[in-house]
Amino acid sequence: MQTNFLSQQFNASSLAENSTACPANATICDGTSCVLPEDNFNQTLSVVLSTVLTIMLALVMFSMGCNVELKNFLGHLKRPWGIFVGFLCQFGIMPLTAFLLSLAFNILPIQAVVVLIMGCCPGGTASNVIAYWVDGDMDLSISMTTCSTLLAMGMMPLCLFIYTKMWTDSDAIVLPYDSIGISLVALVIPVSFGIFVNHKWPSKAKIILKIGSIVGAVLIVLIAVVGGILYKGSWIISPKLWIIGTIFPAAGYSLGFFLARIAGLSWHRCRTVSLETGMQNTQLCSTIVQLSFSPEQLELMFTFPLIYSIFQLLFALLILGGYRLYRRYHVKTKTDVEKTEQKEDSKSIAKINGGFVSDEMK
């Protein structure tokens with residue numbers, strides 16, 4: 001659908017008559033918003049970048065797997081309270097928040113649908129990298145990302161059926177199950193190898209983890225700018241979508257954290273659930289949008305996934321910066337009772353992220 005969408009051309013002479021703002025080869029243009037077709041250079045660049053990003057992502061997920069203890073990972077699967085809380089956040093809070101924001105800002109039906117698609121997507125792999133840097137529970141982070149991607153096969157159609165029927169027929173939305181499956185495979189296989197390496201050669205796993213965490217940070221930045229490189233057009237969409245794209249990820253981070261805390265999870269797991277909730281798989285959202293809508297419809301909301309991606313990254317960096325400052329200047333004020341309550345988990349947490357004992361252990 002993306003190829004068809006990019007290959008459709010408007011008549012150059014009519015564009016010149018109606019507007020001087022858009023180039024003659026724009027595929028979508030109403031005088032204020034245009035998207036240029038993908039030329040040969042862009043096609044080549046797209047293939048190169050996709051290949052590089054895929055390889056980097058596999059390496060990053062392999063390195064993240066090197067920080068996962070097999071015993072702890074299986075423990076989350078056997079006693080999935082943390083995963084269940086994450087499930088409620090991912091497929092409960094996020095779709096409901098998308099629905100309420102769409103109603104509150106009274107946006108167009110087609111725009112409400114793309115906001116809801118974003119809310120129904122599973123968590124993105126970037127959350128695993130940020131969770132590492134904020135000393136989160138990597139075992140929980142990996143298991144949540146894996147489970148949300150797997151459960152998305154059934155939960156996305158259900159959530160879209162519930163929330164979009166007041167705006168459109170849910171059957172009109174094409175879910176790329178092959179893309180979801182590929183995302184799942186691309187996550188599970190590298191992580192599994194990483195867990196195996198950590199189990200067999202823990203000293204080597206630490207070196208791989210340090211390298212992978214740096215590569216992961218670079219990868220997040222690359223993904224954030226790829227959209228701007230591949231789509232050279234200038235977009236002016238509704239200011240309401242910009243506002244929603246700002247509020248939505250912030251709400252996801254905040255609500256995920258508070259629900260996890262209410263559920264009784266420890267602080268490092270609350271940070272993990274927060275990141276898993278707010279960071280969505282925006283690439284999957286873009287794929288669904290381009291498969292499901294016509295060029296005329298895409299004009300109204302084509303860049304929303306990119307807007308969300310930018311702001312979810314900005315807020316994640318703010319969370320990371322705030323946590324690092326807190327960790328540096330935090331004074332130990334925990335009572336002996338709190339230390340005793342956390343004693344059982346202290347050994348496993350001390351192993352996370354180079355031996356750092358997170359704030360709740362102090």
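This is a predicted model, so every value here is computed, not measured.

1. What to know about unusual backbone geometry
Step number 1: Here the phi dihedral of Asn-106 falls at roughly 50 degrees; this positive angle occurs in a residue that is not glycine.
Step number 2: Within the secondary structure, Asn-106 sits in the loop between helix H5 (81-105) and helix H6 (109-120).
Step number 3: Note on Asn-106: relative accessible area 60%, which makes it exposed.
Step number 4: Even without being a glycine, Asp-135 presents a positive backbone phi close to 55 degrees.
Step number 5: Mapped onto the elements, Asp-135 comes out in the loop between helix H7 (126-133) and helix H8 (138-164).

2. Some thoughts on the confidence of the model for the chain
Step number 1: The predicted model of the chain has a mean per-residue pLDDT of 74, with 69% of residues at 70 or higher.
Step number 2: Taken element by element, the chain is modelled with least confidence in helix H2 (residues 12-18), mean pLDDT 39, and with most confidence in helix H11 (residues 239-262), mean pLDDT 93.
Step number 3: Low pLDDT, under 50, characterises residues 333-362; the predicted model gives this stretch 49 contacts beyond four residues in sequence or across chains.

3. Considerations on the UniProt feature "transmembrane region" (unreviewed entry) in the chain
Step number 1: Per the UniProt entry, the sites bearing "transmembrane region" (unreviewed entry) are residues 45-63, 83-105, 112-134, 140-163, 175-195, 207-229, 241-263 and 306-326 in this numbering.
Step number 2: In residues 83-105, helix accounts for 100% and strand for 0%; the two terminal C-alpha atoms are 32 Å from one another.
Step number 3: As a span, residues 306-326 carries 100% helix and 0% strand, and end to end its C-alpha atoms are 30 Å apart.

4. A closer look at the packing of H5 against H11
Step number 1: Interaxial distance between H5 and H11 falls to 10 Å at its minimum, and their mutual angle equals 145 degrees. Once H5 is placed against H11, the crossing between them reads as right-handed. Contacts between H5 and H11 involve Val-85, Leu-88, Cys-89, Ile-93, Met-94, Thr-97, Ala-98, Leu-101 and Phe-105 on the former and, on the latter, Lys-240, Ile-243, Ile-244, Ile-247, Phe-248, Ala-251, Gly-252, Leu-255, Gly-256, Leu-259 and Ala-260.
Step number 2: Considering only residue class, the contact of H5 with H11 consists of 16 nonpolar, 3 polar and 1 charged.

5. Re the environment of Met-301
Step number 1: Looking at the secondary structure, you find Met-301 in helix H14 (residues 295-301).
Step number 2: Expressed as a C-alpha distance, the spacing of Met-301 and Val-115, which sit 186 residues apart in the sequence, is 9.0 Å.
Step number 3: Here Met-301 is in contact with Ile-110, Gln-111, Val-114, Leu-241, Val-289 and Phe-293, once residues within four sequence places are set aside.

What counts, and where the lines are drawn
Residues numbered from 1 in each chain as written. Predicted model: local features only at pLDDT ≥ 70, side-chain atom pairs only at ≥ 80, totals over all residues. Heavy atoms only, no water. Helix = DSSP H or I, 4+ residues; strand = E, 2+ residues; numbered from the N terminus. Buried < 20%, exposed > 50% of the residue type's maximum accessible area, 1.4 Å probe, protein only. pLDDT = per-residue confidence, 0-100. Contact = heavy atoms within 4.5 Å. UniProt positions renumbered as here; feature names shortened; annotations may be inferred. Axes fitted to C-alpha atoms, helices over the stretch in contact; angles between N-to-C directions. Left-handed = near helix turned anticlockwise from the far one by under 90°. Nonpolar A, V, L, I, M, F, W, Y, C, P; charged D, E, K, R; others polar.

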